[in-house]
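Chain by chain, the residues run as shown.
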Amino acid sequence: MRAALATGAGAPLSLVEREIPEPGPGEVLIRVTACGLCFTDLNLLRGHYPFARFPVVPGHEITGTVAALGSGVTGLSVGDAVGAQFLYDSCGHCDYCVSGDQILCPAKRITGITNDGGYAEYGLFKSGYVTPLPAGLDPVAAAPLMCAGLTAFNGLRRAGATANSRVAVIGAGGIGALAVRYAVAMGARVAVIGRSAEGEAAAKELGAETYVASRDTDPAAALKAWGGGADVILNAAPSNEAASAVLTGLAPDGTLVLCGYDNTPLTLSAQPMVLNRLHVMASPSGSPHDLRDTLAFSARHGILPAVTPIGLDGAPEALDAMGSGSGGGRRVITFA
């Protein structure tokens, strides 16, 4: 099989040929249909994760079909359409695991960072972390739901977004665009905060009722003028500064949820937080049951991202373009 390898921090992707692996006990061999390119993959190559295992096949937005089953695997059959996510596996016995919060397990392993992921024609995955795709969900367009969709959907619901909420989304790129569509489908009123006025038409097309260009307008003041502030602000931009700038745009008892961030300190003003009982939280992808809910909600409401298919050979160039900000949309590696 063909695969792309990250061989070390700072090293480019290497395209190689490998033997197709055999599934062991509790493992599922997936013939990969598609794997989305995520900014996390770029950060892996840049050496941002000290826990990464090199060499490793990147990629954690994976769809495919079951090619073979290891011993002891139940609930799946050869030929099933499935997805694999950011969470590769967890210990299975800590308090977080037994309560269904495997994503918080201290011993969790990460697909495409500590264990081989989806930049390959085949991959081995743990059976409890392989999720069936709902019928009719296009596997190529659905690939980014395994991370971007899961992160957006889970972030919104853990922050308490409801049909009565005013939800603001910072950045309407990969995670942000899906967050807007999910919030609209939940019945919430939605505002989008972008950098320039050029993003307004696209945000309105996604379903936002309000758009704020942060280069021209104080986003916190604009949100306060929007019915008294947002009940939930989801930061999908890779910028802590953008998140800090909108804190006072929350309504009392509102929540700022970080899905995007950078490596700088997060600076927040304590006084408005105390006076208005504001909340700040982060949402790291999700657990297997969260992905099932994300996919079911996406299928029910017809929510799929716009994607551009590329071949495996195009992955290095696409990651370079992503790093320079010229990616031009969501790229998904597809395998014939």
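Everything here concerns the structure above.
Small disclaimer: the values here were computed from a predicted structure and weren't measured. (Residues numbered from 1 in each chain as written. Predicted model: local features only at pLDDT ≥ 70, side-chain atom pairs only at ≥ 80, totals over all residues. Heavy atoms only, no water.)

A word on the overall build of the chain. From N to C terminus, the chain includes 11 helices and 17 strands. Expected size for 336 residues packed as a compact globule is a radius of gyration near 20 Å; at 20 Å, the chain falls within 12% of this value. Principal-axis analysis of the C-alpha atoms gives the chain an extent of 60 × 40 × 35 Å. With 336 residues in all, the chain has 52% of them scored as buried. Accessible surface, the chain: about 14,100 Å² in total, of which carbon and sulfur atoms supply 52%. Counting 22 positive and 28 negative side-chain charges, the chain places the centres of these two groups 4 Å from one another. (Helix = DSSP H or I, 4+ residues; strand = E, 2+ residues; numbered from the N terminus. Rg over C-alpha atoms; globule rule 2.2 N^0.38 Å. Buried < 20%, exposed > 50% of the residue type's maximum accessible area, 1.4 Å probe, protein only. Areas by Shrake-Rupley, 256 points an atom, 1.4 Å probe, with all protein chains shown as cover. Lys, Arg positive; Asp, Glu negative; His and termini not counted. Charge placed at Lys NZ, Arg CZ, Asp CG, Glu CD.)

The next point concerns the pattern of salt bridges. Think of it this way: side chains of opposite charge can pair up when their charged atoms draw near. The full count for this structure, using the stated rule, is 13 salt bridges. Here D290 ties to R157 by a salt bridge, and the two come within 2.7 Å at their closest N and O atoms. Of this pair, D290 sits in helix α10 (residues 288-301) while R157 sits in helix α4 (residues 148-158), and the two are 133 residues apart along the sequence. Given a relative accessible area of 1%, D290 falls into the buried group. Look at R157 and you get partly exposed, because its relative accessible area is 31%. D290 serves as the salt-bridge partner of R158, at 3.9 Å between the closest nitrogen and oxygen. Residue R158 is located in helix α4, and its partner D290 is located in helix α10; the two are separated by 132 residues in the primary sequence. (Salt bridge = Lys/Arg side-chain N within 4 Å of Asp/Glu carboxyl O.)

Before going further, it helps to examine empty space enclosed by the protein. Evaluation of the coordinates by the stated rule reveals 1 cavity of 30 Å³ or more. For the largest cavity, the full set of lining residues is A84, Q85, L87, Y88, T111, F125, K126, Y129 and V130. Secondary-structure elements contributing two or more residues to the lining of the largest cavity are β6 (87-89) and β8 (122-126). Taken together, the residues of the lining of the largest cavity sort by class into 6 nonpolar, 2 polar and 1 charged. (1 Å grid on protein atoms, 1.4 Å probe; cavity = no way out; pocket = protein on both sides within 12 Å on 5 of 7 lines; lining within 4 Å. Points joined across faces, edges and corners; volume = space filled by probe spheres on them. Nonpolar A, V, L, I, M, F, W, Y, C, P; charged D, E, K, R; others polar.)

On to the pairing of strand β5 (residues 81-84), then. In terms of strand pairing, strand β4 (residues 61-69) meets β5 through 4 bridges, oriented antiparallel. Pairing of G64 across the sheet is with V82, part of β5. Direction of pairing for β5 relative to strand β9 (residues 130-132): antiparallel, over a ladder of 3 bridges. Its bridge partner lying in β9, A84 is registered against V130. (Pairing = 2+ DSSP bridges.)

With parallel pairing, the 6 strands of this open sheet are ordered in space as β12-β11-β10-β13-β14-β15. Among the strands making up the open sheet, the edge pair consists of β12 (210-213) and β15 (279-282). Each strand of the sheet is rotated relative to its neighbour by a mean of 20°, with strand direction disregarded. Sheet topology places strand β10 (residues 166-170) next to strand β13 (residues 230-235); 4 bridges connect them, and they run parallel. Bridge pairing in β13 places V167 opposite V232. The strands touched by α4 within the sheet are β10, β13, β14 (250-258) and β15, with β13 carrying the most contacts at an inclination of about 150°. (Axes fitted to C-alpha atoms, helices over the stretch in contact; angles between N-to-C directions. Contact = heavy atoms within 4.5 Å.)

Take it as geometry only, folks, not as evidence of what the structure does.
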